[in-house]
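# Structure assessment
For reference, the chains in residue letters:
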Amino acid sequence: MPSSEPVLCDTTPLRYFALAERFELLVRILGGSVRTPRQVLDPIEDFAVSPSLLSEISQSEQYWSRKAQTPRGVAAWNRLRALKSCQDIEICDLQQGEELQRYAELRSDDLPQEHGLAAPLGRSKSAVMAIASTRGWGVVIDDREAHMVLAAVSPGTKVFTTRELLLHGAGPGGILTKIEAELVYADMREWGYRGAFRCGIADHPGALVVSC
Amino acid sequence: MVSNWEHGVRQPNGLQLEKLAAIYRLSVDELVQGGNRHRPDFERLMFRDAGSRLGARGKYEIQRFLAFLDSYSGFLAALGEPPGLVRSPFSVVEGFTSREDVRRKAAEARNFFALGTGPVGDPAGLSDLYGITVYRVPSGQDLKETVSGAFLPHDRAGFAILLNGETTPGRQQFTLAHELGHALFQGDKLYVAYYGRREAAERFADAFAAEFLAPTPALRAAVEGFRLTKVRDAEVVVHLQRLFRVSYAMMLVRLRAAGLITGEDLERFRSVRPTHLAERLGYSLDPDESMRQSGHWDISRYPRRFLRLLRSAFHEGAITLSGAAAMTGLVHEDIEDFLADEPAPDVLGDYEYLDAVI
């Protein structure tokens, strides 16, 4: 496990470990359970609401269901749908009080301007950040803007990326070999994963320069 | 559930708050913290005259349009980009709305767009070039309970047109030209094209749209080109309709107004099935011509300038995929399809830096 504290996942790690058909790796890397907010994955979702209000995994599911005339589309759809019945996922709801307050602040119309962003943070990232920063948990988020905001509003929160989780899994005493990790990574890329921002944007203030 | 909230037994969770915020078009922040920032109440203005002429779906799409304009204006500001057109280049003076005046104004508009007298082609593209935002919505085909279009002079994003993209292409072309009429001549107010509206401003915009899309001199020249004095054959109507890219029904009205068909022929032509005839004449039909089905609406709803800016902002690193998804409310994968031209780095690599980050 990359952190002694619990770690809360944003949509990207769930989506791409699932699409690469290696979700069990994510579970193992995170110590047996994947925590995520309901904005990322809602197992009891009402599909009658506007698509823009669905959890992000359900939105992805809908995208792939539209492509279900191809084997690839069917595979993706099934792999994402399976997350809803996965016993290894723990759904974390925003608690009343400080968490909800922080979530509201992160969803504020003023936030982009305050942090120099061109666009707002999404629901899932705001929920991950609000819960984790209040409970003292770590987060797995790949988005650069979310990292910037988190560094400003909760500098103590440990932040990991999907790529770092894979690297950790292939590290000393890890659960997969480097070659296996590369294969999983290649599969993720094949499904559209673009890598964490830390890889490739070296001039970002918080970036760790790595060779890619 | 709501009763529990009211009595303080339970409180709404984050998702429920998002849904409430969407209903009331507030940010979650405003909903939780109370208060409301001062801004023009476009929603009230747009819904003011709706009565029973706007169903839930139409309302939702208008709300989404307004929310988009708010975030678009923030996006423009963040990128240091100016808003779109903010003032009408022309105006309508009371007493100058006769048929001749409208014809003259349509000619002025055509000069403004450097169009000459030929077919307009793509009014959405023209609008975009001249700083008028065109946002398409899938708000239904029954115009008795939805809108075909609206014009809104947004305080921060500039002139904006909402266009119901579920009507026929000919109808959309007419609606867009109608809203352009408001933008070019009446840009100080908001106008919503509810079913059956016949106010003077709406009548002007209708007349303008007809003359702008198919100017009388150009129409007469085209008929002359067929070596005809009167159009007696529905085939010619279809050819003209296709030439000017307007609906068959509108071409009939234009031909009648220009005295190029008789009343008797007008009635006869009305019984023709124009798409069937067009197909027989060798025209390829747009799939949308037999009414666009409510289906998947993704990136196609957004204004072209916004999409250009979004792509360049993404490629310059000013916005991430997630940010773009959050701003548009679209699914991550749809945004990925639109924005991402390059794959991710091709190797995981660099295991040594693990200690630094974990």
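Residues numbered from 1 in each chain as written. Chains lettered and ligands numbered in written order. Predicted model: local features only at pLDDT ≥ 70, side-chain atom pairs only at ≥ 80, totals over all residues.

### So, the overall build of chain B
Helix and strand counts for chain B stand at 18 helices and 4 strands. When burial is assessed residue by residue, chain B has 39% of its 358 residues classed as buried. The long-range share in chain B, meaning contacts at least 24 apart out of those at least 6 apart in sequence, stands at 72%. (Helix = DSSP H or I, 4+ residues; strand = E, 2+ residues; numbered from the N terminus. Buried ≥ 20, exposed ≤ 12 C-beta atoms within 10 Å, placed from the backbone. Contact = placed C-beta atoms within 7 Å.)

### Topic: the overall build of chain A
Check the secondary structure of chain A and you find 10 helices and 5 strands. The C-alpha atoms of chain A give a radius of gyration of 17 Å, which matches the 17 Å a tight globule of 212 residues would have. With respect to the three principal axes, the spread of C-alpha positions in chain A is 45 × 45 × 30 Å. Out of the 212 residues in chain A, the part that is buried amounts to 51%. (Rg over C-alpha atoms; globule rule 2.2 N^0.38 Å.)

### Quick look at the sheet that holds strand β3 (residues 158-164) of chain B
All names here are of chain B. Judged by pairing direction, the sheet is mixed, and its 4 strands sit side by side in the order β1-β3-β2-β4 without closing on themselves. Strands at the two margins of the open sheet, each flanked by one partner only, are β1 (133-137) and β4 (191-192). Relative to β4, strand β2 (residues 149-154) is paired through 2 bridges, and the arrangement is antiparallel. When the bridges of β4 are listed, F151 appears paired with Y191. Lying over the sheet, helix α5 (residues 56-79) contacts β1, β2 and β3, oriented at roughly 145° with respect to β1. (Pairing = 2+ DSSP bridges. Axes fitted to C-alpha atoms, helices over the stretch in contact; angles between N-to-C directions.)

### Re the nonpolar core
Residue and element names in this part refer to chain B. Counting 141 residues, the largest nonpolar core has L213, V237, M251 and A324 as its most contacted members. A per-element tally of this core places helix α9 (residues 200-213) first, with 8 residues. Counting contributing residues, this core receives three or more from each of domain 1 (1-38) and domain 2 (214-282). With sequence-adjacent residues up to four places away left out, L213 is seen in contact with V120, Q173, F174, A177, F244 and V246. (Core = buried A, V, L, I, M, F, W, Y, C linked by C-beta atoms within 7 Å. Domains from an automatic or database assignment.)

### Some words on the packing of helix α5 (residues 98-106) of chain A against helix α7 (residues 123-135) of chain A
Residue and element names in this part refer to chain A. Taken N-terminus to C-terminus, the directions of α5 and α7 make an angle of 140°; their axes are 8 Å apart at the nearest point. Of the possible angle classes, the one that applies to α5 and α7 is oblique. Remark: the crossing between α5 and α7 carries right-handed chirality. Counting all contacts with α5, which are made through E98, E99, R102, Y103 and L106, the residues of α7 involved are S126, A127, M129, A130, I131, S133 and T134. Of the residues contributing to the contact of α5 with α7, the split by class is 6 nonpolar, 3 polar and 3 charged. (Parallel < 35°, antiparallel > 145°, perpendicular 65-115°, else oblique. Left-handed = near helix turned anticlockwise from the far one by under 90°. Nonpolar A, V, L, I, M, F, W, Y, C, P; charged D, E, K, R; others polar.)

### Comments concerning the environment of G140(B)
Considering the arrangement of structural elements, one finds G140(B) in the loop between β1 and β2. Sequence spacing of G140(B) and L163(B) is 23 residues, and the spatial spacing of their C-alpha atoms is 11 Å.

### Quick word on the environment of I44(A)
All names here are of chain A. You can see I44 is positioned in the loop between β2 (34-37) and α3 (56-65). Residue class for I44 comes out exposed when judged on the 7 C-beta atoms lying within 10 Å of it. Separated by 40 residues in sequence, I44 and K84 place their C-alpha atoms 8.0 Å apart.

### Considerations on the confidence of the model for chain B
All names here are of chain B. Across chain B, the average pLDDT comes to 86, with 84% of residues at 70 or higher. Low pLDDT, under 50, characterises residues 291-295; the predicted model gives this stretch 6 contacts beyond four residues in sequence or across chains. Note that residues 353-358 has pLDDT below 50 and, in this model, 11 contacts with residues that lie over four places away or in other chains. Interface confidence for the predicted complex, expressed as ipTM, amounts to 0.83; the pTM equals 0.82. (pLDDT = per-residue confidence, 0-100.)

### Examining unusual backbone geometry
Working note: non-glycine residues mostly have negative phi, and peptide bonds are mostly trans. Residues and elements named next belong to chain B. The phi torsion at A114 lies on the positive side, around 55°, for a residue other than glycine. Mapped onto the elements of the fold, A114 is located in the loop between α6 (99-112) and α7 (123-129). Phi is positive for R227, which is not a glycine, with a value near 60°.

### Let's talk about the pairing of β2(B)
Residue and element names in this part refer to chain B. For β2, a buried count of 6 out of 6 residues is recorded, marking the element as mostly surrounded by other parts of the structure. The two faces of β2 match: G149, F151 and P153 on one face and A150, L152 and H154 on the other face are all buried. With 6 bridges joining them, β2 and β3 adopt antiparallel strand pairing. Paired with P153 across the two strands is F159, which belongs to β3. In this antiparallel pair of consecutive strands, β2 and β3, the connection spans 3 residues.

### Regarding α9(B)
Residues and elements named next belong to chain B. In this model, α9 (14 residues) spans 20 Å end to end at C-alpha, consistent with the 20 Å of a helix rising 1.5 Å per residue. All of the buried residues along α9 are F204, A205, A207, F208, A209, A210, E211, F212 and L213. Buried residues belonging to α9 abut α6, α8 (169-185), α10 (216-225), α11 (234-244) and α12 (248-257). (Expected span 1.5 Å × (residues − 1).)

### Topic: the packing of α3(A) against helix α17 (residues 332-339) of chain B
Orientation of α3(A) relative to α17(B), taken along the N-to-C sense of each, is 60°, at an axis distance of 8 Å. As judged from the angle between their axes, α3(A) and α17(B) are oblique. Two secondary-structure elements touch here, α3(A) through E56(A), S60(A) and Y63(A) and α17(B) through H332(B), E333(B) and D334(B).

### Let's talk about the pairing of β1(B)
Residues and elements named next belong to chain B. Taking burial as the measure, the 5 residues of β1 include 5 buried ones, the bulk of the element. With burial as the criterion, each face of β1 is covered, one bearing T133, Y135 and V137 and the other bearing V134 and R136. Here 5 bridges tie β1 to β3, and the two strands are oriented parallel to one another. From the neighbouring strand, T133 faces β3, where its bridge partner is A160.

### Details of the environment of A109(B)
Residues and elements named next belong to chain B. Examined against the element boundaries, A109 turns out to sit in helix α6. For A109, a count of 23 C-beta atoms within 10 Å gives the class buried. Between the C-alpha atom of A109 and that of F208, which follows or precedes it by 99 residues, the distance is 9.5 Å. Those residues in contact with A109, other than ones at most four positions away along the chain, are L184 and F212.

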